[in-house]
Number of protein chains: 2
Amino acid sequence: MPRAETDPRLTAFRQHFAALPGPDLAAVENVRARDAHLTKPRGSLGRLETIVEWLAAWQNGQSKPRLDHVLVCVFAGTHGVVRQGVSPYPSEVTHQMVANFSAGGAAINQICKTFGLDLKVLGLALERPTEDFTLAAAMSAEDCADAIEFGMRAVPAGLDLLCLGEMGIGNTTAAAAIYTALFGGPAAQWAGRGTGLDDAGLARKAAVIEKAVALHSDSLDDPLEILRRLGGREIAALAGALLAARLNGVPVVLDGYVVTAAAAVLHAIDRSAIDHCIAGHVSAEGAHALVLQRLGQEPLLQLGMRLGEASGAALAAGTIKAAVACHRGMATFAEAGVSDKAE
Amino acid sequence: MPRAETDPRLTAFRQHFAALPGPDLAAVENVRARDAHLTKPRGSLGRLETIVEWLAAWQNGQSKPRLDHVLVCVFAGTHGVVRQGVSPYPSEVTHQMVANFSAGGAAINQICKTFGLDLKVLGLALERPTEDFTLAAAMSAEDCADAIEFGMRAVPAGLDLLCLGEMGIGNTTAAAAIYTALFGGPAAQWAGRGTGLDDAGLARKAAVIEKAVALHSDSLDDPLEILRRLGGREIAALAGALLAARLNGVPVVLDGYVVTAAAAVLHAIDRSAIDHCIAGHVSAEGAHALVLQRLGQEPLLQLGMRLGEASGAALAAGTIKAAVACHRGMATFAEAGVSDKAE
């Protein structure tokens, strides 16, 4: 199928990658200098220490990382490919779950409450599913640009940390298609059971992905075209939010399998484009562990979760809060009158 | 050296293991039945689901697990073996860090504040270090019984979860000696760098442990004697707290390398004695990962931490809070009007 990138916003999106802001290395040095005086053996907080360094690198102009404003942002979309029988749940569940988020009844609501995180749930044209990408591109250039723009605008100024999540029956199929297109190999290597496919369903899902990848094979050298043809609105919005966070100095915690597909698109455009992100957890869905390895990401948590809706990212945010609390709140050896020298 | 178990409280301690309370399987079934109706695909919260089942099994008579009263309890002790040069820090640091805990300046204070956990720090005869166990038993039978009793009394009634931690310069040497005595093999296999030994220090530490294990070799078939001879007061108190928690229906989150040594003693007495415990994390200290494997424990977190002072256990408690919040707070499919059937 011919390329149809007619929307100037997609061109503008591409142009940002030529001048991505880099890490604040001076802030990282500040963190290391303070850490060396805190009342603990050096290195003894392990990943909690390196997380604070990472926050310092990517939080816009903070000398000491802070987490006063943490937002969990969940994008929702509906998918034409659901007609191919790739999910045991009907597409209405996406609408119902968005209502459940609003009513406070979902897992993500409880996790946000536990750790005092703000939650924003944003549906993208839920009444208008994407095209079935086994037959056509999932989104027109305009649709894709709309969704990216929507995602970019969802990142408010002054945020200290952004946790990204998604909801969309059918979107593990879209994510698996993106991985297959980006990384190659058989679709079965990347696809998982989603909300609960049996073996026959999983085989059908892989076949659907193979068909889609074959249909769009002339565009697989372009990550943004992969996103437009095989993705979904929530995945495009995630890509936009990831870029906006980078431009605005906001570190990002990725949720699992589907969010990482948006990150993989950015990574394919520019290898440094997701340096401001960490993987909140490794999902039990499909080949998420392998994907993270390809992206050079070490997940913070490994709890066998595969729910989506930002649940893994928000859980990780709890741990990150503790890391920042240690760095900011601990006494130095001098303050506490603790010996910091060997005998 | 001859056995000297003269304190009747040690005999009483042993007798508890003949009649340990078992898990509440009906409560586990209740949890599973409710979980099946919550608005998520089955199993999609992974370890968060099995943690709630574990809490149900061991929380005394709760039909729905709750976490209203979580206590982090840190026991501190001083060690005669420090004279052998097994730590780069002097023993006074134990006193200084206990003061730091009281003043709110340590890592554990910040983690407890982050997750709303109560913290209790209990020093055990800090002005009177244990004997140097390369020369004699670390504790007399009376000392050991005092410490165990102290630990048992530290577990208040009505607790929903207990996180156990420790502080004690020299106590990774005691813990490594316990592992060597319980599991065999060279001390170097079990010992780690503690607060920051260099290679020569680590070799010295292993040699010190080998000497101690040889001295006490006639008693290594008895886990309680291993605790008395090679342990320390805080480790004995931890053993007491672990048993008291089991008797009182309180699930326990183990911290790292040293706390696990107390758990290993109980496990050696009775293979089911720590079923009410989970490993909050795997520590980077020594062979903690291997120890957890021997004990059949899958750590919740893997963050390369090695601080002690309950930091890993308290961090895990944050995740456990989120797990319980999901189980208690999520809507069912019926409540939320979400389709729970495949098409």
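The shown structure was predicted, so the numbers you read here are calculated from the model rather than taken from an experiment.

1. Considering the overall build of chain A
Secondary structure summary: chain A contains 15 helices and five strands in total. Relative to the 2.2 N^0.38 estimate, which gives 20 Å for 343 residues, the radius of gyration of chain A is 20 Å and therefore close to what a compact globule would have. For the C-alpha atoms alone, the extent of chain A along its principal axes is close to 70 × 40 × 35 Å. Out of the 343 residues belonging to chain A, those deemed buried represent 63%. Contacts spanning at least 24 positions in sequence make up 80% of the contacts within chain A whose residues lie at least 6 apart. Element-wise, carbon and sulfur atoms account for 51% of the exposed surface of chain A, whose accessible area totals about 11,500 Å². Here chain A contributes 29 positive and 36 negative side-chain charges, whose respective centroids are spaced 2 Å apart.

2. Focus: the layout of surface pockets
Residue and element names in this part refer to chain B. The computed volume of the largest pocket comes to approximately 300 Å³. Taken together, 20 residues line the largest pocket, and the ones lying closest to its centre are Thr50, Trp54, Asp275, Cys277 and Ile278. For the lining of the largest pocket, the secondary structure elements donating two or more residues are α2 (25-35), α3 (47-58) and β5 (277-279). For the lining of the largest pocket, the element with the most residues is α3, which contributes six residues. A breakdown of the residues in the lining of the largest pocket according to their chemical character gives ten nonpolar, four polar and six charged. In this structure, the second largest pocket occupies an estimated 170 Å³ of space.

3. Section: the sheet that holds β5(B)
Backbone hydrogen bonds are what pair the strands of a sheet, in a parallel or an antiparallel way. Residue and element names in this part refer to chain B. Sheet architecture is open: five strands sit in the order β2-β1-β3-β4-β5, paired in parallel fashion. Of all the strands in the sheet, just β2 (118-123) and β5 have a single pairing partner and so form its edges. Taking the axes of each pair of neighbouring strands and ignoring which way they run, one obtains an average angle of 25° across the sheet. As defined by bridge partners, strand β1 (residues 70-76) adjoins strand β3 (residues 161-167) across seven bridges and the pair is classed as parallel. Paired with Leu71 across the bridge in β3 is Leu162.

4. What about the pattern of salt bridges?
Residues and elements named next belong to chain A. Considering all chains together, one arrives at 32 salt bridges over all chains under this definition. In this structure, the salt-bridge partner of Glu225 is Arg228, at a minimum N-O distance of 2.7 Å. Of the two residues, Glu225 and Arg228 are both situated in helix α10 (residues 223-230); the distance of three residues between them amounts to about one turn of the helix. Overall, Arg228 belongs to the buried group, its relative accessible area being 4%. Here the residues in one salt-bridge network are Asp7, Arg9, Asp146, Glu149 and Arg153, joined through shared partners.

5. Quick look at the sheet that holds strand β4 (residues 252-254) of chain A
Residues and elements named next belong to chain A. With parallel pairing, the five strands of this open sheet are ordered in space as β2-β1-β3-β4-β5. If you trace the sheet from one side to the other, it starts and ends with β2 (118-123) and β5 (277-279), each paired once. Between one strand axis and the next, the sheet turns through 25° on average, direction left out of account. As judged from the three bridges shared by strand β3 (residues 161-167) and β4, these two strands associate in the parallel manner. Within β4, the residue paired with Leu162 across the bridge is Val252. Contacts between helix α4 (residues 92-103) and the sheet are confined to β1 (70-76), β2 and β3, with β3 contributing the most and set at about 140° to the helix.

6. With respect to the side chain of His327(A)
For His327(A), the position within the fold is in helix α14 (residues 311-329). Apart from residues lying up to four places away in sequence, His327(A) is in contact with Val31(A), Arg34(A), Asp35(A), Leu38(A), Val52(A), Lys64(A) and Pro65(A).

7. Topic: the interface of chain B and chain A
At the interface, 54 residues of chain B touch 53 residues of chain A. For the pair chain B and chain A, the interface holds zero salt bridges. Remark: the boundary between chain B and chain A carries 16 residue pairs in polar contact (both at pLDDT 80 or more). When residues in the side of chain B that touches chain A are grouped by element, the largest group, eight residues, is from helix α14 (residues 311-329) of chain B. A class-by-class count of the residues in the side of chain B that touches chain A yields 27 nonpolar, 19 polar and eight charged.

8. A short note on the confidence of the model for chain A
Mean pLDDT for chain A: 95, with 98% of residues reaching 70 or above. We note a pTM of 0.96 for the whole complex and an ipTM of 0.96 for its interfaces.

9. Examining the packing of α14(A) against helix α5 (residues 107-115) of chain B
Their axes nearest at 8 Å, the elements α14(A) and α5(B) cross at an angle of 135°. In terms of their interaxial angle, α14(A) and α5(B) are classed as oblique. As for how α14(A) packs across α5(B), the hand of that crossing is right-handed. Where α14(A) abuts α5(B), its residues Gly318(A), Lys321(A), Ala322(A), Ala325(A), Cys326(A) and Gly329(A) lie against Ala107(B), Gln110(B), Ile111(B), Thr114(B) and Phe115(B).

10. Details of the relation of the copies chain B and chain A
It takes a turn of 180° to lay chain B on chain A, together with a shift of 0.0 Å along the axis; the resulting RMSD is 0.0 Å. What the rotation and shift describe, once combined, is the action of a two-fold rotation axis. A high fraction, 98%, of the interface residues of chain B reappear at the interface in chain A, so the copies pair face to face through one surface.

11. Observations regarding the state of the cysteines
Residue and element names in this part refer to chain B. A full pass over the atoms with the stated rule returns zero disulfides over all chains. Not engaged in a disulfide, the cysteine Cys144 finds its nearest cysteine sulfur in Cys73; these two sulfurs lie 17 Å apart. By relative accessible area, which is 0% here, Cys144 ends up buried. Counting only cysteine sulfurs, Cys112 is the nearest neighbor of Cys163, a cysteine outside any disulfide, at a range of 7.6 Å.

12. Focus: the pairing of β3(A)
Every regular strand shows the same layout, with side chains that alternate between the two sheet faces. Counting buried residues along β3(A), seven of its seven residues qualify, which places the element largely inside the surrounding structure. Of the two faces of β3(A), the one lined by Leu161(A), Cys163(A), Gly165(A) and Met167(A) and the one lined by Leu162(A), Leu164(A) and Glu166(A) are each fully buried.

13. Remarks on the environment of Phe150(B)
Residue and element names in this part refer to chain B. Relative to the elements of secondary structure, Phe150 occurs in helix α6 (residues 141-153). As a C-alpha pair, Phe150 and Gly312 span 162 residues in sequence and 23 Å in three-dimensional space. Among residues more than four places away in sequence, those in contact with Phe150 are Phe75, Leu122, Gly123 and Leu124.

14. Quick word on the packing of aromatic side chains
All names here are of chain A. Applying the stated rule across the entire model yields 13 aromatic pairs over all chains. When the ring of Phe13 is compared with that of Phe17, the centres are 5.4 Å apart and the planes differ by 70°; the resulting orientation is edge-to-face. Aromatic side chains Phe183 and Trp190 sit 5.2 Å apart centroid to centroid with 40° between the ring planes, which places their arrangement in the tilted category. Within the aromatic cluster, the residues linked to one another by ring pairs are Tyr179, Phe183, Trp190 and Tyr257.

15. Quick notes on the environment of Gly240(B)
Residue and element names in this part refer to chain B. When you line up the elements, Gly240 lands in helix α11 (residues 233-248). On the basis of relative accessible area, Gly240 is assigned to the buried category, the value being 0%. Between the alpha carbons of Gly240 and Ile148 there is a distance of 4.4 Å; along the sequence they are 92 residues apart. The contact partners of Gly240, leaving out residues within four places of it in the chain, are Phe13, Ile148, Gly151 and Met152.

Procedures and definitions
- Residues numbered from 1 in each chain as written.
- Chains lettered and ligands numbered in written order.
- Predicted model: local features only at pLDDT ≥ 70, side-chain atom pairs only at ≥ 80, totals over all residues.
- Heavy atoms only, no water.
- Helix = DSSP H or I, 4+ residues; strand = E, 2+ residues; numbered from the N terminus.
- Rg over C-alpha atoms; globule rule 2.2 N^0.38 Å.
- Buried < 20%, exposed > 50% of the residue type's maximum accessible area, 1.4 Å probe, protein only.
- Contact = heavy atoms within 4.5 Å.
- Areas by Shrake-Rupley, 256 points an atom, 1.4 Å probe, with all protein chains shown as cover.
- Lys, Arg positive; Asp, Glu negative; His and termini not counted.
- Charge placed at Lys NZ, Arg CZ, Asp CG, Glu CD.
- 1 Å grid on protein atoms, 1.4 Å probe; cavity = no way out; pocket = protein on both sides within 12 Å on 5 of 7 lines; lining within 4 Å.
- Points joined across faces, edges and corners; volume = space filled by probe spheres on them.
- Nonpolar A, V, L, I, M, F, W, Y, C, P; charged D, E, K, R; others polar.
- Pairing = 2+ DSSP bridges.
- Axes fitted to C-alpha atoms, helices over the stretch in contact; angles between N-to-C directions.
- Salt bridge = Lys/Arg side-chain N within 4 Å of Asp/Glu carboxyl O.
- Polar contact = N/O pair within 3.5 Å; in protein donor to acceptor, adjacent residues only side chain to side chain.
- pLDDT = per-residue confidence, 0-100.
- Parallel < 35°, antiparallel > 145°, perpendicular 65-115°, else oblique.
- Left-handed = near helix turned anticlockwise from the far one by under 90°.
- Least-squares fit on C-alpha atoms with pLDDT ≥ 70 in both.
- Disulfide = S-S within 2.5 Å.
- Phe/Tyr/Trp six-rings, centres within 6.5 Å; stacked < 30°, edge-to-face > 60°.

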